[in-house]
Amino acid sequence: MKKRKSVKLYYKHFRESQVFDIPPGWSVLEALRASGIRHASVCGGRGRCTTCRVKVGEGMEHLLQPSSSEAGVLKRISAPDDVRLACQLHPAVSLEITPLLPATAAPVDGLSGPGYVQGQERKVVIMFIDIRESTKLAEHKLPFDVVFILNQFFSEMADTLEDTGGHYAQFNGDGLMALYGLESDLQEASVQALQGVQQMMRRLEILNQRLSVELHQPLRMGIGIHCGDAIVGQMGPPKTPIVTALGDNVNIAARLEAMTKEFGAELVVSLETVSAAEIDFSAFPRHEVDVRGRETQIGVYAVEDSKSLPVPAI
Ligand code: FES
């Protein structure tokens, strides 16, 4: 009988890359330990804690499917298909892996929440919302009034996110960033985000009526939406972390929001998001725009009146 040969383990950690042998029958965790690499394994390799989880790169396509117990544990943390437990993975082919938790991970880091909490690259819809001319709001107003008005505004936005499956992801004085798709696929998330825009605009209209005595002029806002891969995870100061996202697609969404001013539109949404939503936007003007960080132009739709968005009712 032909003797099985060792396969290679390509271990990527931040910018470092190392290569180890995995003897036949060994798990990835065993190979890492034998090579002197510290790797989280709170349950001692029994496939229960998930702290040993790794993201698999090249070689993924040749792996056997996870066993039912490994699959069950991975499902509990909503792990994407390219995440496996190092202690349960016995590769017969060379493999590239990246650890997902620090070697010092504690039990609470394992099954403490959905996979994206610990950091995950995933497809999301990113929305930036900005209040127009917010500095004017502060003119001739007591600080108390400004804070009161802004808090009313943010409360309406937060309620909309809750109603439409969005997640608040960042706040900056006169605007916020939201994510859709943490618990839904890209198609559903894109529809939800567009429904969110419609509801936000309706709520803003009602808020303006309610605050008409306090406001010199009605509050207005611009919204930019784009979708794609982003690094999603819980980040921030240890006592007040939030789930947010980073990456080129996040920057693009922010730039689309800034373009609402140029286009005189309430919403600028990328063609990619509209395509993902599978909604016909042909009634709206389409533009090709330059976006810093992208070599090619991207297609966007500028929507002047978001109440006319052709989205299904919530
Ligand atoms: S070490 Fe706990 S699941 Fe792998």
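Residues numbered from 1 in each chain as written. Predicted model: local features only at pLDDT ≥ 70, side-chain atom pairs only at ≥ 80, totals over all residues. Heavy atoms only, no water.

### Some remarks on the overall build of the protein
Consideration 1: Within the protein one finds nine helices and 13 strands.
Consideration 2: Seen through its principal axes, the protein has C-alpha atoms that stretch 85 × 40 × 35 Å.
Consideration 3: A buried classification covers 46% of the 314 residues belonging to the protein.
Consideration 4: Contacts in the protein between residues far apart in sequence, at least 24 positions, make up 69% of those at least 6 positions apart.
Consideration 5: Roughly 16500 Å² of accessible area belongs to the protein as shown, and the carbon and sulfur atoms make up 52% of that amount. (Helix = DSSP H or I, 4+ residues; strand = E, 2+ residues; numbered from the N terminus. Buried < 20%, exposed > 50% of the residue type's maximum accessible area, 1.4 Å probe, protein only. Contact = heavy atoms within 4.5 Å. Areas by Shrake-Rupley, 256 points an atom, 1.4 Å probe, with all protein chains shown as cover.)

### Regarding helix α8 (residues 248–263)
Consideration 1: For α8, which comprises 16 residues, the first-to-last C-alpha distance of 22 Å matches the rise-based estimate of 22 Å (1.5 Å per residue) to within 8%.
Consideration 2: If you check which residues of α8 are buried, you get Asn249, Val250, Ile252, Ala253, Leu256, Glu257, Met259 and Thr260.
Consideration 3: Directly beyond the C-terminal end of α8, a positive phi value near 60° is found at Gly264. (Expected span 1.5 Å × (residues − 1).)

### Let's talk about the packing of aromatic side chains
Consideration 1: As enumerated under the stated definition, the model contains five aromatic pairs in all.
Consideration 2: Both rings, one in Tyr11 and one in Phe20, keep their centres 6.2 Å apart while their planes meet at 55°; by these two values the pair is tilted.
Consideration 3: Exposure remark for Tyr11: the relative accessible area of 4% places this residue in the buried category.
Consideration 4: Seen in terms of ring centroids, Phe281 and Phe284 are 5.1 Å apart; in terms of plane orientation they differ by 50°. Their pairing is tilted. (Phe/Tyr/Trp six-rings, centres within 6.5 Å; stacked < 30°, edge-to-face > 60°.)

### Things to note about the sheet that holds strand β5 (residues 95–99)
Consideration 1: What the five strands build is an open sheet, ordered β2-β1-β5-β3-β4; its pairing is mixed. Each end of this open sheet is capped by a strand with a single partner; those strands are β2 (16–22) and β4 (83–85). Taken over all neighbouring pairs, the strand axes of this sheet differ in orientation by 35° on average, direction set aside.
Consideration 2: Sheet topology places strand β1 (residues 7–13) next to β5; three bridges connect them, and they run parallel. Paired with Tyr11 across the strands is Ile97, a residue of β5. (Pairing = 2+ DSSP bridges. Axes fitted to C-alpha atoms, helices over the stretch in contact; angles between N-to-C directions.)

### Quick word on the pairing of strand β10 (residues 242–246)
Consideration 1: By the bridge criterion, five bridges tie strand β9 (residues 221–235) to β10 in an arrangement that is antiparallel. The residue of β10 that forms the bridge with Gly233 is Thr244.
Consideration 2: The turn joining β9 and β10, which pair antiparallel and follow one another in sequence, is formed by six residues; a positive phi near 120° is taken by Gly236.

### Observations concerning the environment of Gly293
Consideration 1: As for its position among the elements, Gly293 is in the loop between β12 (286–289) and β13 (298–303).
Consideration 2: Note on Gly293: relative accessible area 73%, which makes it exposed.
Consideration 3: Along the backbone, Gly293 and Arg255 are 38 residues apart, and their C-alpha atoms lie at a distance of 11 Å.

### Examining the domain arrangement of the protein
Consideration 1: In terms of domains, the protein is made up of domain 1 (7–115) and domain 2 (120–308).
Consideration 2: Put simply, the middle of domain 1 and the middle of domain 2, counted by C-alpha atoms, are 36 Å apart. (Domains from an automatic or database assignment.)

### A few points about the pattern of salt bridges
Consideration 1: In total, this model carries 16 salt bridges according to the counting rule given.
Consideration 2: One salt bridge connects Lys307 with Glu205, and the closest N-O pair in it is separated by 3.0 Å. Of this pair, Lys307 sits in the segment after β13 while Glu205 sits in helix α7 (residues 186–210); the two residues are 102 residues apart in sequence, bridging distant segments of the chain.
Consideration 3: Its relative accessible area of 37% is what places Glu205 among the partly exposed residues.
Consideration 4: The partner of Glu288 in a salt bridge is Arg286, with the nearest N and O atoms 2.9 Å apart.
Consideration 5: If you follow the salt bridges from partner to partner, you end up with Glu156, Asp159, Asp163, Arg203 and Arg210 in one network. (Salt bridge = Lys/Arg side-chain N within 4 Å of Asp/Glu carboxyl O.)

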